[in-house]
Structures are given as structure tokens and as C-alpha cells.
Amino acid sequence: MLHHLSFAVTDLARSAAFYDAALSPLGYVRVWADNTAVGYGPPNGGDKFAIRLRPRNEAAPGDGFHVAFAASSRQAVVRFYEAAVTYGGRDNGVPELCPEYGDHYCAAFVFDPDGYRVEAVINAPV
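If you're wondering where the values come from, they're calculated on a predicted model, not measured in any experiment. (Residues numbered from 1 in each chain as written. Predicted model: local features only at pLDDT ≥ 70, side-chain atom pairs only at ≥ 80, totals over all residues. Heavy atoms only, no water.)

### What to know about the overall build of the protein chain
- Tallying secondary structure elements over the protein chain gives two helices and eight strands in all.
- Ordered by position from the N terminus, the helices and strands of the protein chain form the series β-α-β-β-β-β-α-β-β-β.
- The globule rule puts the C-alpha radius of gyration for 126 residues at 14 Å, and the 14 Å found for the protein chain is close to it.
- With respect to the three principal axes, the spread of C-alpha positions in the protein chain is 40 × 35 × 30 Å.
- In the protein chain, buried positions account for 40% of the 126 residues.
- In the protein chain, of all internal contacts separated by at least 6 residues, the share reaching a separation of at least 24 is 53%. (Helix = DSSP H or I, 4+ residues; strand = E, 2+ residues; numbered from the N terminus. Rg over C-alpha atoms; globule rule 2.2 N^0.38 Å. Buried < 20%, exposed > 50% of the residue type's maximum accessible area, 1.4 Å probe, protein only. Contact = heavy atoms within 4.5 Å.)

Written as C-alpha cells, this is what we have:
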């Protein structure tokens, strides 16, 4: 249904370092960049997610809004989480099975450097 999504960020270099690291284990890369924005998606593909510099004090959406990035394995979920907290993210739920969402739903949850809620998830048997 969605074609792409973008977040306003207050420090493009900081957020790009975070998303470069966090999205890499999920197989997503920078597909374009300029002085005001960076786009991410599958290698040799178009952007599906972008960050855009908005130096004013933009506020991340409140409780109830989050973005879930698809992972190819449970190990990728773990690597996403490790990279995210290493590069300025804050814990919002360690990598684990979440049976309240399904028998095979494995996810990790973090806040990005601007406070956006992001998740990596795979919902498939091992």
C-alpha cells in the first residue's frame, strides 16, 4: 500500500549514521543522498524510506506511531537492535519472540536519535 515514508530529523549526519548502521543488517542501503536528505531502500532500488533535515525542533509522533522494517531472519533482528543502540538509538524492546502478535513474530524496538519508534520484525518460522 505505501510507496515510501520519510521522517524529519534535526541532525542529518547523526541520523544517517544511525540508519546506515541499523538498516544494513536488514539488507537496506542508501540509494541516494544530498545535503538535506538521505533515501534508503533495497540495493539498486528506489527509496522506500527517507530522512529529511528539518533543523527546527520537530517533534516525533507520539505513542501509537511506529515504523516496522522487514527483516530476513531473527539474527537480522538482533543485528538491527545491536547496531541501533550502538549508533544513538535507545532501547524500546529487546529482540525476542512477541507471541501477542503471532506464534513466529520476532521483533526488536528502538527509538531513533530523534525519538521516532522503529522496529525490525520477521514473522516466519525459523
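### Some thoughts on helix H1 (residues 12-23)
- The terminal C-alpha atoms of H1 lie 16 Å apart, and with 12 residues this matches the ideal 16 Å at 1.5 Å per residue to within 8%.
- Of all the positions in H1, only Leu12, Ser15, Ala16, Phe18, Tyr19, Ala21, Ala22 and Leu23 are classed as buried.
- Capping the start of H1, Asp11 holds a side-chain oxygen 3.2 Å from the backbone nitrogen of Ala13, two or three residues further along. (Expected span 1.5 Å × (residues − 1). Polar contact = N/O pair within 3.5 Å; in protein donor to acceptor, adjacent residues only side chain to side chain.)

### Brief notes about the packing of aromatic side chains
- Scanning all chains against the criterion turns up 10 aromatic pairs.
- Among the aromatic residues, those joined into a ring-pair cluster are Phe7, Phe18, Tyr19, Tyr28, Tyr40, Phe49, Phe65, Phe69 and Tyr116. (Phe/Tyr/Trp six-rings, centres within 6.5 Å; stacked < 30°, edge-to-face > 60°.)

### A few points about the sheet that holds strand E2 (residues 29-33)
- Taking strand neighbours across the sheet as the criterion, the four strands line up as E1-E4-E3-E2 in an open arrangement whose pairing is mixed. Edge strands, defined here as strands with exactly one partner in the open sheet, are strand E1 (5-9) and E2. In this sheet, neighbouring strand axes are inclined to one another by 25° on average, regardless of whether the strands run parallel or antiparallel.
- Two elements, E2 and strand E3 (residues 37-41), share four bridges in a ladder whose sense is antiparallel. Paired with Trp32 across the two strands is Gly39, which belongs to E3. (Pairing = 2+ DSSP bridges. Axes fitted to C-alpha atoms, helices over the stretch in contact; angles between N-to-C directions.)

### Some remarks on the environment of Gly39
- By the element assignment, Gly39 lies in strand E3.
- Assessed through its relative accessible area of 0%, Gly39 is described here as buried.
- For Gly39 and Ala124, which are 85 residues apart along the polypeptide, the C-alpha to C-alpha distance reads 28 Å.

### Considering the environment of Lys48
- Of note, Lys48 is situated in the loop between E3 and strand E4 (49-53).
- Residue class for Lys48 comes out partly exposed when judged on its relative accessible area of 47%.
- Among residues more than four places away in sequence, those in contact with Lys48 are His3, His4, Leu5, Tyr40, Gly41 and Pro42.

### A word on the sheet that holds strand E6 (residues 90-97)
- One open sheet holds the four strands; their spatial order is E5-E8-E7-E6, and the pairing between them is mixed. Edge positions in the open sheet fall to strand E5 (67-70) and E6, since each of these has one partner strand only. Within this sheet the neighbouring strands show an average axis-to-axis angle of 20°, counted without direction.
- Both strand E7 (residues 105-111) and strand E8 (residues 117-123) contribute to a ladder of seven bridges, which runs antiparallel.

Everything listed is a geometric property; what it means functionally is a separate question.
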